[in-house]
Amino acid sequence: MAGRRGRSPEVTPELLLRAYSIGLFPMADSADDPELFWVEPDIRGVIPLDRFHISHSLAKKIRKAPYEIRIDTAFEAVMACCAEAAPDRPSTWINSKIRSLYATLHQMGHAHSVEAWEDGQLVGGLYGVSLGAAFFGESMFSRRSDASKICLVYLVDRLKQRGFRLLDTQFTTEHLKTFGAIDVPKADYEGMLAKALASPNLTF
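Residues numbered from 1 in each chain as written. Predicted model: local features only at pLDDT ≥ 70, side-chain atom pairs only at ≥ 80, totals over all residues. Heavy atoms only, no water.

Enquirer: Describe the sheet that holds strand S4 (residues 43–46), and please don't skip the residues or the numbers.
Expert: Across the sheet, seven strands lie side by side as S5-S6-S7-S8-S9-S4-S10; this open sheet has mixed pairing. Of all the strands in the sheet, just strand S5 (68–71) and strand S10 (182–185) have a single pairing partner and so form its edges. On average, each strand axis in the sheet is inclined to that of its neighbour by 35 degrees, with strand direction left out of account. Packing of helix H7 (residues 186–197) onto the sheet brings it into contact with S4, strand S7 (121–131), strand S8 (134–142), strand S9 (166–170) and S10, and relative to S10 it is tilted by some 95 degrees. (Pairing = 2+ DSSP bridges. Helix = DSSP H or I, 4+ residues; strand = E, 2+ residues; numbered from the N terminus. Axes fitted to C-alpha atoms, helices over the stretch in contact; angles between N-to-C directions. Contact = heavy atoms within 4.5 Å.)

Structure below.
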């Protein structure tokens, strides 16, 4: 179950970072709804970085380097793709306000994208927020086979290299569980978050 805290007052980038620091994140009812509300899940999705795993078939595909992986070269384009309807996701919660807020966080150095490119085209990616030694994954998209999965593998490798301690996925899905995602009770998550935020802001 997700705790929902009602409609939000005017949200600034600074307020958004403060919300992340206490376990909240914003959503909208739909991409067309201009309003935001805060979400505080009772059960949180987390991928333990030391228990992340990938299938043999995906590892084999990564070795073939089917895509060029870039970091932070097309952040707003990644958000736009994540906001688009897709066969497996007929609607999304990423409205224009969220896109504007996270674009500002990106300019501030607190939001980042991992991107898969093929022949000069953006074909997959993910984005999220970094704060302290925590990375809060927001959304991902894929226009080619395994593109978003490969971006996730590169994300985890990058977080490990830079000393991050927490990869928050907000919720778990069967897809994320194949990589090692687990459900964490709110109280346990708060402890994990506090430890990650005791660190200075790490470079993504």
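On we go.
Enquirer: Can you lay out the packing of aromatic side chains for me, pointing to particular residues and giving the numbers?
Expert: Aromatic ring pairs are defined here through the distance separating the ring centres and the angle between the ring planes. Tallied over the entire structure, the rule returns six aromatic pairs. Each ring, one from phenylalanine 25 and one from phenylalanine 171, has its centre 5.9 Å from the other, and the planes form 80 degrees; the classification is edge-to-face. One end of the pair, phenylalanine 25, is in strand S2 (residues 25–27); the other, phenylalanine 171, is in the loop between S9 and helix H6 (174–177), with 146 residues separating them in the sequence. A relative accessible area of 0% places phenylalanine 25 in the buried class. On the basis of relative accessible area, phenylalanine 171 is assigned to the partly exposed category, the value being 33%. Geometrically, the ring pair formed by phenylalanine 52 and phenylalanine 179 is stacked, given 5.5 Å between the ring centres and 10 degrees between the ring planes. Separated by 127 residues along the polypeptide, phenylalanine 52 in the loop between S4 and helix H2 (56–63) and phenylalanine 179 in the loop between H6 and S10 bring together distant segments of the chain. Classification of phenylalanine 52 as buried rests on a relative accessible area of 15%. Through a chain of ring-to-ring contacts, the aromatic side chains of Phe75, Tyr102 and Tyr127 assemble into a single cluster. (Phe/Tyr/Trp six-rings, centres within 6.5 Å; stacked < 30°, edge-to-face > 60°. Buried < 20%, exposed > 50% of the residue type's maximum accessible area, 1.4 Å probe, protein only.)

Enquirer: Describe the packing of H2 against helix H5 (residues 147–161), listing the residues and the values that go with them.
Expert: H5 packs onto H2 with a crossing angle of 85 degrees between their chain directions and a minimal axis gap of 11 Å. When the axis of H2 is compared with that of H5, the two are roughly perpendicular. The segment H2 lies against H5, with Leu58, Lys61 and Ile62 engaging Lys149, Ile150, Val153 and Tyr154. The class makeup of the residues in the contact of H2 with H5 is five nonpolar, no polar and two charged. (Parallel < 35°, antiparallel > 145°, perpendicular 65-115°, else oblique. Nonpolar A, V, L, I, M, F, W, Y, C, P; charged D, E, K, R; others polar.)

Enquirer: Now, about the environment of isoleucine 182: what can you tell me, with residues and values included?
Expert: Structurally, the position occupied by isoleucine 182 is in strand S10. Each C-alpha atom of the pair isoleucine 182 and aspartate 50 lies 12 Å from the other, and the pair is 132 residues apart in sequence. Each residue touching isoleucine 182, except ones within four places of it in the same chain, is listed here: Arg44, Gly45, Val46, Pro48, Arg51 and Thr172.

Enquirer: Talk me through the pattern of salt bridges; I want residue IDs and the actual numbers.
Expert: Overall, the coordinates contain nine salt bridges when judged by the stated rule. Close ionic contact of lysine 97 with glutamate 10 constitutes a salt bridge, the shortest N to O distance being 2.8 Å. One end of the pair, lysine 97, is in helix H4 (residues 96–107); the other, glutamate 10, is in the loop between strand S1 (2–7) and helix H1 (13–21), and 87 residues separate them in sequence. For lysine 97, a relative accessible area of 26% puts it in the partly exposed group. A salt bridge links glutamate 118 to arginine 144; the shortest N-O distance between them is 2.8 Å. (Salt bridge = Lys/Arg side-chain N within 4 Å of Asp/Glu carboxyl O.)

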